[in-house]
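The residues making up each chain are set out below.
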Amino acid sequence: MEQNLINALLAIELENFFSIKNKIRLDFRAGNIHTAAAKLLSDNIFEWNGQKILKTVGLFGPNAAGKSNIMKAINFCCRMILDSHAHNQGIVFNFKPFKFDGWEQKPSTFYIDFVCQNIEYEYSFKLTTTEILEESLYYYPNNRKAKIFERKGNKYSFGSKGINRPAEVATGTSSTQLYLSVASKMDRNIAKSVYLYFLQTFLLGLVQMQDASIENLFKQEKKIILKALEVCDSDICDIAVEHKKGFAPVPTPSLDGQQIGFQMQPIDIMRFRTYHKNNPNIPFDFETEESNGTKRIFTILIRLLDVARNKKSMMIDEFDTSMHPHLAQFVIDLVHASECSQLLFTSHNAALIDMDRFRKDQIYFINKKVDGSTDAYSLYDFKDFRETMDATKGYLTGRFDAVPIITSSVMSLKRLLKGGDK
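No experiment lies behind these values; they were computed from the predicted model shown.

A.B. asks: Talk me through the overall build of the protein; I want residue IDs and the actual numbers.
C.D. replies: Of the regular secondary structure elements, the protein holds 11 helices and 18 strands. In terms of overall size, the protein behaves like a compact globule, its C-alpha atoms giving a radius of gyration of 24 Å where 422 residues would be expected to give roughly 22 Å. Oriented by its inertia axes, the alpha-carbon framework of the protein measures out at about 65 × 65 × 65 Å. A separation threshold of at least 6 residues defines the contact pool for the protein, and within that pool the share at least 24 residues apart is 62%. Total accessible area on the protein is roughly 21400 Å²; 50% of this is exposed by carbon and sulfur atoms. One finds the centroid of the 53 positive side-chain charges in the protein at a distance of 3 Å from the centroid of its 49 negative side-chain charges.

A.B. asks: Please set out the sheet that holds strand E5 (residues 56-60) residue by residue, giving values where relevant.
C.D. replies: If you trace the 6 strands from one edge of the open sheet to the other, you get E11-E15-E16-E5-E17-E18, paired in mixed fashion. Either end of the sheet is taken by a strand with one partner, and the two such strands are strand E11 (202-203) and strand E18 (374-378). Both E11 and strand E15 (residues 313-316) contribute to a ladder of 2 bridges, which runs parallel. Among the inter-strand pairings, Phe-202 is bridged to a residue of E15, identified as Ser-313. Contacts between helix H9 (residues 325-337) and the sheet are confined to E5 and strand E16 (342-347), with E16 contributing the most and set at about 160° to the helix.

A.B. asks: Give a description of unusual backbone geometry that names residues and reports values.
C.D. replies: The backbone of Asn-49 shows a phi angle near 55°, a positive value even though the residue is not glycine. The residue Asn-49 is located in the loop between strand E3 (45-48) and strand E4 (51-54) in this model. Asn-49 gets classed as partly exposed once you look at its relative accessible area, which sits at 43%. In this structure, Ala-64 takes a positive phi of about 65° despite not being glycine.

A.B. asks: Which residues make up the packing of helix H6 (residues 214-231) against helix H8 (residues 292-309), and what values do they have?
C.D. replies: Relative to each other, H6 and H8 sit at 110°, their axes nearing to 9 Å. Classified by the angle their axes make, H6 and H8 are roughly perpendicular. Considering the relative orientation of H6 and H8, their crossing is right-handed. Contacts between H6 and H8 involve Ile-214, Leu-217, Phe-218, Glu-221, Ile-224, Ile-225, Ala-228 and Leu-229 from the former and Thr-294, Ile-297, Phe-298, Leu-301, Ile-302, Leu-305, Asp-306 and Arg-309 from the latter. Classifying every residue of the contact of H6 with H8 gives 12 nonpolar, 1 polar and 3 charged.

A.B. asks: Mind laying out the pattern of salt bridges, listing which residues take part and the relevant values?
C.D. replies: As enumerated under the stated definition, the model contains 25 salt bridges in all. Between Arg-188 and Glu-168 there is a salt bridge, with the nearest N and O atoms lying 2.9 Å from each other. Placement of the pair is Arg-188 in the loop between helix H4 (179-185) and helix H5 (189-201) and Glu-168 in helix H3 (residues 166-171), with a sequence separation of 20 residues. For Arg-188, a relative accessible area of 3% translates into the label buried. Here Arg-309 ties to Glu-221 by a salt bridge, and the two come within 2.7 Å at their closest N and O atoms.

A.B. asks: Describe in detail the side chain of Arg-151, supporting the description with residues and values.
C.D. replies: As for its placement among the helices and strands, Arg-151 is situated in strand E9 (residues 146-152). Side-chain polar atoms of Arg-151 contact the backbone oxygen of Ser-174, separated by 3.0 Å.

A.B. asks: Tell me about the pairing of strand E10 (residues 155-158), and name the residues and values.
C.D. replies: As judged from the 4 bridges shared by E9 and E10, these two strands associate in the antiparallel manner. Across the sheet, Glu-150 pairs through a bridge with Ser-157, a residue of E10.

A.B. asks: Quick rundown of the packing of helix H2 (residues 67-83) against H5? Include the residues and the values.
C.D. replies: Remark: H2 packs on H5, axes separated minimally by 10 Å, with the N-to-C direction vectors making an angle of 125°. As judged from the angle between their axes, H2 and H5 are oblique. In this structure, H2 crosses over H5, and the sense of that crossing is left-handed. Facing Cys-78, Ile-81 and Leu-82 of H2, the residues of H5 in contact are Tyr-195, Phe-198 and Leu-199.

A.B. asks: So what's going on with the packing of aromatic side chains? Which residues, and what values?
C.D. replies: Using the criterion set out here, one finds 31 aromatic pairs in the structure. An angle of 45° between the planes, with centres 5.2 Å apart, marks the rings of Tyr-156 and Tyr-179 as tilted. Of the two residues, Tyr-156 sits in strand E10 while Tyr-179 sits in helix H4, which places them 23 residues apart along the sequence. Residue classification places Tyr-179 among the buried residues on the basis of a relative accessible area of 0%.

Conventions adopted
Residues numbered from 1 in each chain as written. Predicted model: local features only at pLDDT ≥ 70, side-chain atom pairs only at ≥ 80, totals over all residues. Heavy atoms only, no water. Helix = DSSP H or I, 4+ residues; strand = E, 2+ residues; numbered from the N terminus. Rg over C-alpha atoms; globule rule 2.2 N^0.38 Å. Contact = heavy atoms within 4.5 Å. Areas by Shrake-Rupley, 256 points an atom, 1.4 Å probe, with all protein chains shown as cover. Lys, Arg positive; Asp, Glu negative; His and termini not counted. Charge placed at Lys NZ, Arg CZ, Asp CG, Glu CD. Pairing = 2+ DSSP bridges. Axes fitted to C-alpha atoms, helices over the stretch in contact; angles between N-to-C directions. Buried < 20%, exposed > 50% of the residue type's maximum accessible area, 1.4 Å probe, protein only. Parallel < 35°, antiparallel > 145°, perpendicular 65-115°, else oblique. Left-handed = near helix turned anticlockwise from the far one by under 90°. Nonpolar A, V, L, I, M, F, W, Y, C, P; charged D, E, K, R; others polar. Salt bridge = Lys/Arg side-chain N within 4 Å of Asp/Glu carboxyl O. Polar contact = N/O pair within 3.5 Å; in protein donor to acceptor, adjacent residues only side chain to side chain. Phe/Tyr/Trp six-rings, centres within 6.5 Å; stacked < 30°, edge-to-face > 60°.

Laid out in structure tokens, this is it:
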């Protein structure tokens, strides 16, 4: 009998990235909740190795509090894992540390706890904008923590088992490269498996419409995509893919080998056409003639259905932008209906903070502190809040702090427009 292999995100910690100053932690391990309301939401979790794991975690809070910076920081760190093996000396990493209180001079830290093919790993690194300072990878091969490698500057230590010929990899790793990234490039066993987790299983966003994989994904999921559009009362009854030949400028070296010229070369152009119930014979161009909401749900579902069917995890910033509320709920329900897929998302939609849809530990509030830094805390941390209370109302009235404070009246705005200071 084939083993049921699980991949899962367990926790992420970030420190000193963008508006994030002090360490914040996003935890996908479920809290100790045994209420009747939590039992009704049993589809919101799955079990692995005796632990309850959350399928979704949502980040809520006002504009400029740092929700997108959290997602941007995670994306940067994962891209470092995937791309840093190609870094040259002298490169400046594409992130900014917290700018106030001298934190620009301090290092930034990333930590991720995850399951890859039924084995738990803990991976972390510390860096400045120009070099890697520390890096480590541990795992639990028999439910006991074991070291694969540790790195401090250019000094390494290795566990008794793990990456084969580890010192050879260390010799080929510069101060701007992650050891894990280089080891994977050199096709080293465990490093390759972990690298593939970040490449293929923990997905960092949506598929671009011209991505080569999107046509196959669409053909596999066409039926449910049309069903999702029907949920939103869309009158789209069919979607088709067309291919056309076109031309695009391709850079080519000139005869002297120095200047770069351009030559028009034939390319394949993929376009989606939609058909509506009112007249199913007339095609509409998907890119130019459909609403932003329709385009948004299409690109989300193309990715998310792959995630839901294949036990993957992904994150989406402001996933419900331009989206009908019913479709936002449809997306969340799709993840909860999966066996063990996961979604980390941000949203401004207070209606989603609903105890009939989420457990307390699935809802995080993102707030900006007095010093301008980002704070993150869970509804689970509010021990006096019960599931029978109205979480949406509590959020909007400032019960959990993370709401925009806007004091205005027509009269005060009139005075402002006239140049007054009150």
